[in-house]
Amino acid sequence: MNGILYVRENVNATKDELYDGRNKKAVAYRLELTRRSKGLNKQDFAALIGVSKNSYSSILSANQFPSIPTIYTACEKLDVDPNWILIGDSSNLRHSLADLLYKLHQERAE
């Protein structure tokens, strides 16, 4: 099962709460959307942001909140604004990336 569907199906939140929310489930969802938008698999993404695959799985399961250094590393490596990951604010993202993220979100919502 892909990570986006896993997060969506295994948390008690609406799709909008996941896209715009500020809890660890929403952060996990946005990390996963961003990973997918960059075409990375989970193992490569975990290595890129400096966590083990198990740690990333724990983040996706909303059992663990990613550390601030991990979030900032992810944002630096993926060229996204930390506000997107932390609070769902896409206003500082490149327009094309914001559109792609929203499109992925809508596709998974159906």
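Note that the coordinates shown come from a computational prediction; the quantities given were computed from them, not determined experimentally.

Thresholds, definitions, all that
Residues numbered from 1 in each chain as written. Predicted model: local features only at pLDDT ≥ 70, side-chain atom pairs only at ≥ 80, totals over all residues. Heavy atoms only, no water. Helix = DSSP H or I, 4+ residues; strand = E, 2+ residues; numbered from the N terminus. Contact = heavy atoms within 4.5 Å. Areas by Shrake-Rupley, 256 points an atom, 1.4 Å probe, with all protein chains shown as cover. Buried < 20%, exposed > 50% of the residue type's maximum accessible area, 1.4 Å probe, protein only. Arc of directions from axis to C-beta. pLDDT = per-residue confidence, 0-100. Salt bridge = Lys/Arg side-chain N within 4 Å of Asp/Glu carboxyl O. Axes fitted to C-alpha atoms, helices over the stretch in contact; angles between N-to-C directions. Parallel < 35°, antiparallel > 145°, perpendicular 65-115°, else oblique. Phe/Tyr/Trp six-rings, centres within 6.5 Å; stacked < 30°, edge-to-face > 60°. Lys NZ or Arg CZ within 6 Å of the ring centre and 35° of its normal.

**Some remarks on the overall build of the protein chain**
Point 1. For the protein chain, the count of helices and strands is 8 helices and 0 strands.
Point 2. The long-range fraction of contacts in the protein chain, counting pairs at least 24 apart against all pairs at least 6 apart in sequence, stands at 57%.
Point 3. As displayed, the protein chain has an accessible area near 5,700 Å², and 45% of this comes from carbon and sulfur atoms.

**Things to note about helix α5 (residues 53-60)**
Point 1. Taken as a whole, α5 has its buried residues at Tyr-56, Ile-59 and Leu-60. The arc that holds every buried residue of α5, seen down its axis, measures 100°, which confines them to one face.
Point 2. Looking one or two residues past α5, Ala-62 carries a phi angle of roughly 60°, positive in sign.

**Remarks on the confidence of the model for the protein chain**
Caution applies to low-pLDDT regions: their predicted coordinates should not be interpreted in detail.
Point 1. Looking at the protein chain as a whole, its pLDDT mean stands at 82, while 81% of the residues score no less than 70.
Point 2. Per-element averaging of pLDDT across the protein chain places helix α1 (residues 3-9) at the bottom with 51 and helix α4 (residues 42-49) at the top with 93.

**Structural notes on the pattern of salt bridges**
Point 1. This structure, assessed with the given rule, holds 2 salt bridges.
Point 2. A salt bridge links Arg-35 to Glu-32; the nearest nitrogen and oxygen atoms lie 2.5 Å apart. Of this pair, Arg-35 and Glu-32 both sit in helix α3 (residues 24-37), 3 residues apart, which is roughly one turn of the helix.
Point 3. On the basis of relative accessibility, which here comes to 6%, the residue Arg-35 falls in the buried class.

**Quick look at the environment of Ile-71**
Point 1. The topology assignment puts Ile-71 in helix α6 (residues 68-78).
Point 2. Placed 22 residues apart in sequence, Ile-71 and Ile-49 show a C-alpha to C-alpha distance of 7.9 Å.
Point 3. In this structure, Ile-71 is in contact with Phe-65, Pro-66, Ile-85 and Leu-86, ignoring residues within four places of it in sequence.

**Considerations on the packing of α4 against α6**
Point 1. Contact geometry of α4 with α6 gives a least axis separation of 8 Å together with a crossing angle of 110°. As summarised for this structure, α4 and α6 are arranged roughly perpendicular, according to the angle between their axes. Residue-level inspection shows Phe-45, Leu-48 and Ile-49 of α4 in contact with α6, the latter providing Thr-70, Thr-73, Ala-74, Lys-77 and Leu-78.

**Thoughts on the packing of aromatic side chains**
Point 1. In the structure shown here, the tally under the stated rule is 1 aromatic pair.
Point 2. Taking the centre distance of 5.1 Å and the plane angle of 70° together, the rings of Phe-45 and Tyr-56 count as edge-to-face. With Phe-45 in helix α4 and Tyr-56 in helix α5, the pair connects residues that are 11 residues apart, well separated along the chain. For the pair formed by Phe-45 and Tyr-56, the shared burial category is buried.
Point 3. The ring of Trp-84 carries the charged tip of Arg-30 above its face, separated from the ring centre by 5.9 Å.

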